[in-house]
Amino acid sequence: MAEQIGTVPSLPPSFDPFGDAFLGDPHPHLETLREAGPLVYLKAHDAWATGRHDVIAQILSDNETFCSGRGVGLANFASEKPWRTPSLLLETDPPDHTVNRTVISRALSPSVQRGLRAEFEHQADSFVADAMRRGAFEAVDDFCIRVPLKVFADAVGVPETGRAHLIAYGNMVFNTMGPENDRYRRAMENHEAVIAWVSNACQRASLTADGLGTMIYRAADEETIDEASAALIVRSFLSAGIDTTAAATANLLYLFARHPEQWAKLKQDPGLTRNAIDEVLRLESPFQCYFRTTTGPVRIDGVTLAENAKVLLCLGAANRDRRRWTEPDTFDIARKATGHLAFGMGIHGCVGQMLARLELEVLVTAMLERVAAFEFAGEPVWTKHNTLRTLDALPLRFVPQ
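As the structure is a prediction and not an experimental result, all values here were calculated from the model.

(A) Looking closely at the side chain of arginine 70. Mapped onto the secondary structure, arginine 70 falls in the loop between β5 (66-67) and α4 (96-107). Within the structure, arginine 70 has its side chain in polar contact with the side chain of asparagine 308 (distance 2.6 Å). The residues touching arginine 70, leaving out its near neighbours within four places in the chain, are Ala75, Asn76, Phe77, Ala78, Thr293, Thr294, Thr295, Glu307, Asn308 and Lys310.

Right, here's the structure in full:
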């Protein structure tokens, strides 16, 4: 039960969204947060938090009051120096953000995405066929991570040698959105070598001539953005395109292995594929949370926040909010899951979400043709991560058609 600071709900200091107990099994804790009130004070971090769908949607729709430019993690860039140059997509506000997003949107035009489908389908077929040959195997490292590390990185056009640094870099970016706990510190190990590789990989000279990275540079030229800014936009694109897609793939496999009747339903009606992907993203959202910062005093749901207040938006909680969803903890691929917040919303909604959806769609389609069912070949192990919801280990067997 939430303690009270006046009329403002507050959870006890032991309630830590970045602690081991919380991250080991987050959903009961997210339920506690969601039901404590529309906006809750977190003593452990001197920050506010919300897990309600309507409140988060309101905040994400008001970028002038709840900004990203002061950091989307716990650190406030207005008073703290970030460990890296801020992302030109995630951590900027208009007008700069508008220009940067226009650059990447041009490079990700619908025609470009249509042109990528055939290669994505070819790669998906290859990865699924390989998984079928393996029998029992560890799906996180040998499938869920390998797919975007090949498919997405090829599409961007970064060098093949050293791509493992992209996994380490994504781990750094997303774990450092939380407090400086053990996960934060472990993620930053070897950060100098990782940042050096990523920075070099994002340079125009390092990118393939026909990849998305080079297209971003060309679009940036038209927008009169300098080379350094173009490199940072490519970096932002890369940091968001590997870990989150790998997490979504792992969560998808886990849910269909845990609920074989849903896979059977999808095989009977493949037209539900996109619907099923949205339901996976809703129920086990890869991106669980991030922060916004108030730009001035603001009143929301009866609570007055001062300028520079940090507000933790728990997307994973909002996507299971019973005020928005019927039977929210149930996995049902026939559910109309549109309106989930797994990709955010507003001007900072995930710019690459159509590519992520394409990767997932072609993977599911390839599996529907070959896989009768998914069987656990061991005990799944969930990751304790400051921001993402995914698995450390997922021993699986793809049962042949």
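(B) Region of interest: the pattern of salt bridges. Counted under the stated rule, the structure contains 33 salt bridges. Between arginine 163 and aspartate 154 there is a salt bridge, and its shortest N-O distance comes to 2.8 Å. For arginine 163, a relative accessible area of 8% gives the class buried. Two residues, arginine 389 and glutamate 284, come together in a salt bridge whose shortest N-O distance is 2.9 Å. With arginine 389 in the loop between β12 (381-382) and β13 (391-393) and glutamate 284 in the loop between α15 (273-283) and β7 (289-294), the pair connects residues that are 105 residues apart, well separated along the chain. Note on arginine 389: relative accessible area 7%, which makes it buried. Here the salt bridges do not stand alone but share partners, grouping Glu31, Arg34, Glu35, Asp321, Arg322 and Arg323 into one network.

(C) Geometry of the pairing of strand β2 (residues 8-11). The alternating pattern of β2 places Val8 and Ser10 on one face and Pro9 and Leu11 on the opposite face, and all of these are buried. In this sheet, strand β3 (residues 40-42) lies alongside β2 in parallel orientation, the contact comprising 2 bridges. Residue pairing across strands places leucine 11 opposite leucine 42, the latter belonging to β3.

(D) Just the environment of isoleucine 59, in detail. Inspection of the secondary structure puts isoleucine 59 in helix α3 (residues 53-60). Isoleucine 59 gets classed as buried once you look at its relative accessible area, which sits at 1%. For isoleucine 59 and threonine 338, which are 279 residues apart along the polypeptide, the C-alpha to C-alpha distance reads 19 Å. Once residues lying within four places of it in the same chain are set aside, the contact partners of isoleucine 59 are Thr50, Phe66, Arg292, Ile300, Val311 and Leu313.

What counts, and at which threshold
Residues numbered from 1 in each chain as written. Predicted model: local features only at pLDDT ≥ 70, side-chain atom pairs only at ≥ 80, totals over all residues. Heavy atoms only, no water. Helix = DSSP H or I, 4+ residues; strand = E, 2+ residues; numbered from the N terminus. Polar contact = N/O pair within 3.5 Å; in protein donor to acceptor, adjacent residues only side chain to side chain. Contact = heavy atoms within 4.5 Å. Salt bridge = Lys/Arg side-chain N within 4 Å of Asp/Glu carboxyl O. Buried < 20%, exposed > 50% of the residue type's maximum accessible area, 1.4 Å probe, protein only. Pairing = 2+ DSSP bridges.

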